[in-house]
Every structure is written in C-alpha cells, then in structure tokens.
Amino acid sequence: KRMKQHDERLLGPEKPRARWAWPWSWAAILLTCLYPCAFQWLVNADEATAGDFLPMLGIFLLLALPVYIVAALVLKSAAGGGLFTALFMLGFTNLGGLSTFLKDHFTWIHDRYLLLAYGLLAVVIFVFLFRHKRFPARECCMILCIVFASLLGVQAVRAAPTLYEILTAQRKQSSVDGANTKLQGNKPNVYYFILDEYGGVENLERYYDYDNRGFVDGLADKGFNVSYTSKNTESLYTWALVPNLLN
C-alpha cells in the first residue's frame, strides 16, 4: 500500500504536465522548421518576399508529421516524440550547410558518410529516449522554443532596416497612379531593358562591397525609370534555376 501511494505521488504531477506536452512539442517542431526558412528570407529580404519561404516550410512540416506520429506512438510520449522530431528536423535542415563546411576542410568526406552518421545519430537519440522514459523531454522542447524564438527575433531586428526601406519604396511606387497617366501629343517609343545576370545595387554592395548607386542614379538622371524593388525568388527556390538555364 505504501508503494502504491508512493507511485501515485510520482505519477500524479505528470498528468497536468502531459496535457501541455503536445503544444510544446509542436511549438518546438514548428520553430525548428521555421527558423531556416525565415532565416533565408530575412537575410535576403531585399530580394525575396515574405511569402516565398512558405512552400519550403510546408515541405518541412509535412516531413515532420509522419516522423512525429511514429516517434510519439513508439515512445508512448508526446513530449518524447516532439523532442525527437525537432532534433531530427534540426539535423535534416542543416545537412547541406554541414556537408559544405566539412567538404571544405576534409576532401575525403562524401555525402553518403554524412547521411550514415546522421542516421546513426538519429537511432542513438531514439533509443536513448525509448530507454529513459523519465527524461525531461517537455522541458527540452521548451528550451528549443526559447532558443529558436530568440534567434528569429535577432534576425528580425537585423533585417528591420531593410524591410523598412522596402516598405517605404513600395509606398512611394503605389502613390504613383500609372494606369491613369495620359500622354499628351505624340507617344514616344518605350524601351524596356532587362540586365540579365546583372547584380542589383544591394547585391553588389553586400556580396562584393561595391557601390553601384552612381551608375543607377546616372540612368535615373537621364530619364530612365529604374526599379529598386524587383524581387528574385531564386534566393529561396532552387528549382527556379532550371528555366533560367534553358533560357
């Protein structure tokens, strides 16, 4: 009887905690999948729009869903399944960057070795969570939420000036009603130039430390209408490169 009362004392506090296990689990999974997508958008805010990263986020979440279902059922723990899935997606979303980093320092490393190590690490983590039922998985999910929410906040603050400039430029353009503009007299010829593969002002300044505003402003002074807010989704979509290669 004393042993039964002792067990009830141990299991009693777990019930209210279990109710909050799945929200923290999916919050950790969501933030883990969201951060790399939002990071790509925020560091390329001058080339992409906010909605450009949503398809990739959807792909990550669709991949995380079956992983979470299987892990939660086998581990019999929503928190354990959420922690495993969040760590699984953390490794999955960083495989490319890790592969590039390792290949730059170790030429003998191949992708298959990295995939094998990633799979073995995932198995080790899963077995650990399976054998340690009392592991504080929910608290680890909370830590992951705090870390990735903080990282998103830092990136948002860093991208705030760029986002503000884009919003200001869009407001200026929207204030000009080109549809109702009527030309008087003879209508001139219109020449539309697309400088293919020519870096924009922000691109050249960021990646090559070259200020090309003199050239662009010179074109504007000669009467050219220069677009400063053109967007390029290739910074987020790899499959957008295929049509350009065939162009």
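Residues numbered from 1 in each chain as written. Predicted model: local features only at pLDDT ≥ 70, side-chain atom pairs only at ≥ 80, totals over all residues. Heavy atoms only, no water.

S.K.: Looking at this structure, how should I read the confidence of the model for the protein chain?
M.R.: Should the pLDDT be low somewhere, the predicted coordinates at that spot are not to be read in detail. Taken residue by residue, the protein chain gives an average pLDDT of 78. The fraction at 70 or more is 77%. Contacts for the low-pLDDT stretch residues 1-14, under 50 throughout, to residues beyond four places or in other chains number 3 contacts. Segment residues 237-247 is flagged for pLDDT under 50; beyond a separation of four residues in sequence, or across chains, it makes 8 contacts in the model. (pLDDT = per-residue confidence, 0-100. Contact = heavy atoms within 4.5 Å.)

S.K.: Could you clarify how one ought to interpret helix α6 (residues 95-105) in this entry?
M.R.: An α-helical segment advances 3.6 residues per turn. Residues three or four places apart therefore align on the same side. Burial in α6 covers these residues: L95, S99 and L102. Taken around the axis of α6, the buried residues stretch over an arc of 75°, which confines them to a single face. Turned more than 90 degrees off the buried face of α6, the exposed positions are G97, D104 and H105. Along its buried surface, α6 packs onto α5 (78-93) and α7 (111-131). (Buried < 20%, exposed > 50% of the residue type's maximum accessible area, 1.4 Å probe, protein only. Helix = DSSP H or I, 4+ residues; strand = E, 2+ residues; numbered from the N terminus. Arc of directions from axis to C-beta.)

S.K.: Could you clarify how one ought to interpret a nonpolar patch on the surface in this entry?
M.R.: On the surface, L65, I69, V70, L73, V74 and F130 cluster together into a nonpolar patch covering about 530 Å² of accessible area. Sorting elements by how many residues they give to the nonpolar patch places helix α4 (residues 54-75) first, with 5 residues. Mapping V70 onto the fold places it in helix α4. (Patch = residues over 30% accessible without salt bridge, like charges linked within 9 Å, V, L, I, M, F, W, Y side chains within 5 Å. Areas by Shrake-Rupley, 256 points an atom, 1.4 Å probe, with all protein chains shown as cover. Salt bridge = Lys/Arg side-chain N within 4 Å of Asp/Glu carboxyl O.)

S.K.: Would you explain the packing of aromatic side chains in this entry?
M.R.: Each aromatic ring pair is characterised by the separation of its centres together with the angle its planes make. Counted by the stated rule, this structure contains 9 aromatic pairs. With a centroid separation of 5.8 Å and 50° between ring planes, the pair formed by Y35 and F148 is classed as tilted. Of this pair, Y35 sits in helix α3 (residues 21-43) while F148 is found in helix α8 (residues 137-174), placing the two residues 113 residues apart along the sequence. Each member of the pair, Y35 as well as F148, carries the same accessibility label: buried. On the basis of an interplanar angle of 75° and a centroid distance of 5.2 Å, the ring pair of F84 and F126 is categorised as edge-to-face. Note that F84 is positioned in helix α5 and F126 in helix α7, a separation of 42 residues in sequence. Grouping residues by exposure puts F84 and F126 together as buried. Its end group placed over the ring of Y113, R112 keeps NZ or CZ at 5.2 Å from the ring centre. Above the plane of the ring of F130 lies K133, whose end atom (NZ or CZ) is 4.3 Å from the centre. (Phe/Tyr/Trp six-rings, centres within 6.5 Å; stacked < 30°, edge-to-face > 60°. Lys NZ or Arg CZ within 6 Å of the ring centre and 35° of its normal.)

S.K.: Teacher, can you tell me more about the state of the cysteines here?
M.R.: A disulfide bridge is the covalent bond that connects two cysteines by way of their sulfur atoms. Evaluation of the coordinates by the stated rule reveals 0 disulfides. Looking at the unpaired C37, the closest cysteine sulfur is the one in C33, lying at 7.4 Å. Owing to a relative accessible area of 3%, C37 belongs among the buried residues under this scheme. (Disulfide = S-S within 2.5 Å.)

S.K.: What is the right way to look at the environment of G58 in this model?
M.R.: With respect to the helices and strands, G58 occurs in helix α4. G58 sits in the partly exposed class, given a relative accessible area of 27%. Remark: the alpha-carbon pair of G58 and L34, spanning 24 residues in sequence, is separated by 9.4 Å.

S.K.: What should I look at first to understand the environment of V201 in this one?
M.R.: Relative to the helices and strands, V201 is located in helix α9 (residues 201-207). V201 sits in the buried class, given a relative accessible area of 8%.

S.K.: Just checking my understanding: could you explain the pattern of salt bridges for this structure?
M.R.: Close approach of charged atoms lets side chains of opposite charge pair. According to the stated counting rule, one finds 2 salt bridges in the structure shown. Close ionic contact of E139 with R138 constitutes a salt bridge, the shortest N to O distance being 3.6 Å. Linking R213 and E205 is a salt bridge whose minimum nitrogen-to-oxygen distance equals 3.7 Å. R213 gets classed as partly exposed once you look at its relative accessible area, which sits at 35%.

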